[in-house]
Amino acid sequence: MPATTPYPLNSPVFALQLAYLAVEQQPVDSIEAQRLEQLRQLIEAAPDTADLRGFAEAARQLLGPGYRVHCGSSHVWINRDDQPERLAIVADRYTTAYREWNSPAPAQRLE
């Protein structure tokens, strides 16, 4: 995350968030996989923050051209330019549970 951000890292209004990256589509090649892993490591090393928008610029820089990065205070979503489906999302681990593309489907409850 950048050293400075226009958004408050610790806000008295918003609860702190524990950011994580969920890659929702299989990487197209080893370069994309490596860049996504670098982004994951950067996010995991960051302290809790009240606003996840600071990760948007880091995602833009790491991924480079060919990707669209959008953000709000509690999400950063990443798309490939040529695909409408989301590639990955940065979200708050305390309030969300996005799944990785290769994670097993949740077990169904039998009633």
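The following paragraphs examine the structure supplied in this document. In this text the structure is predicted, and so the values were computed from the model without any measurement.

What counts and how
Residues numbered from 1 in each chain as written. Predicted model: local features only at pLDDT ≥ 70, side-chain atom pairs only at ≥ 80, totals over all residues. Heavy atoms only, no water. Helix = DSSP H or I, 4+ residues; strand = E, 2+ residues; numbered from the N terminus. Buried < 20%, exposed > 50% of the residue type's maximum accessible area, 1.4 Å probe, protein only. Contact = heavy atoms within 4.5 Å. Areas by Shrake-Rupley, 256 points an atom, 1.4 Å probe, with all protein chains shown as cover. Axes fitted to C-alpha atoms, helices over the stretch in contact; angles between N-to-C directions. Parallel < 35°, antiparallel > 145°, perpendicular 65-115°, else oblique. Left-handed = near helix turned anticlockwise from the far one by under 90°. Nonpolar A, V, L, I, M, F, W, Y, C, P; charged D, E, K, R; others polar. Polar contact = N/O pair within 3.5 Å; in protein donor to acceptor, adjacent residues only side chain to side chain. Pairing = 2+ DSSP bridges. Core = buried A, V, L, I, M, F, W, Y, C linked by side-chain atoms within 4.5 Å. Expected span 1.5 Å × (residues − 1). Arc of directions from axis to C-beta.

### As for the overall build of the chain
Okay, so step 1: Looking only at helices and strands, one finds 2 helices and 4 strands in the chain.
Okay, so step 2: Listing the helices and strands of the chain from first to last along the sequence gives β-α-α-β-β-β.
Okay, so step 3: Residues counted as buried form 33% of the 111 residues belonging to the chain.
Okay, so step 4: A separation of at least 24 residues holds for 54% of the contacts in the chain among residues at least 6 apart in sequence.
Okay, so step 5: For the chain, the computed accessible surface area is about 6,900 Å², with 53% contributed by carbon and sulfur atoms.

### Concerning the packing of helix 1 (residues 30-45) against helix 2 (residues 54-63)
Okay, so step 1: Where helix 1 contacts helix 2, the two axes come as close as 9 Å, and the packing angle between them is 150°. With respect to helix 2, the axis of helix 1 lies roughly antiparallel. Crossing hand, helix 1 versus helix 2: right-handed. Two secondary-structure elements touch here, helix 1 through R35, L36, Q38, L39, L42 and I43 and helix 2 through F55, A58, A59, L62 and L63.
Okay, so step 2: Across the contact of helix 1 with helix 2, the residue classes break down as 9 nonpolar, 1 polar and 1 charged.

### Details of the environment of D92
Okay, so step 1: Note on placement: D92 falls in strand 4 (residues 86-92).
Okay, so step 2: Taking the C-alpha atoms as reference points, D92 and L21, separated by 71 residues in sequence, lie 9.0 Å from one another.
Okay, so step 3: Contacts of D92, omitting those with residues within four sequence positions, involve Q17, L18, Y20, L52 and S74.
Okay, so step 4: Within the structure, the side chain of D92 is placed 3.0 Å from the side chain of T95, a separation counted as a polar contact.

### Notes on the sheet that holds strand 4
Okay, so step 1: Strand order across the open sheet formed by 4 strands is 1-4-3-2, with antiparallel pairing between neighbours. Each edge of the sheet is formed by a strand with only one pairing partner; in this case those strands are strand 1 (19-23) and strand 2 (67-72). Across the sheet, the axes of successive neighbouring strands diverge by a mean angle of 15°, strand direction being ignored.
Okay, so step 2: In this sheet, strand 4 lies alongside strand 3 (residues 75-80) in antiparallel orientation, the contact comprising 4 bridges. Residue pairing in the sheet places V76 in a bridge with V90 of strand 4.
Okay, so step 3: Contacting strand 1, strand 2, strand 3 and strand 4, helix 2 crosses the sheet at an angle of about 170° to strand 2.

### Remarks on the nonpolar core
Okay, so step 1: The biggest cluster of nonpolar side chains holds 19 residues, and the ones touching the most others in it are F55, I78 and V90.
Okay, so step 2: Listing elements by their share of this core, those giving two or more residues are strand 1, helix 1, helix 2, strand 2, strand 3 and strand 4.
Okay, so step 3: In terms of residue count, helix 2 provides more of this core than any other element does, 4 residues in total.

### Overview of helix 1
Okay, so step 1: Taking 1.5 Å per residue as the helical rise, helix 1 with its 16 residues ought to reach 22 Å, and the 22 Å between its terminal C-alpha atoms agrees with that figure.
Okay, so step 2: Inspection of helix 1 places E32, L36, L39, R40 and I43 among the buried residues, and these make up the whole buried set. Taken end-on, helix 1 shows its buried residues confined to a sector of 105°, consistent with a single buried face. The exposed residues of helix 1 that point more than 90 degrees off its buried face are S30 and A45.
Okay, so step 3: Its side-chain oxygen at 3.2 Å from the backbone nitrogen of I31, D29 defines the N-terminal cap of helix 1.

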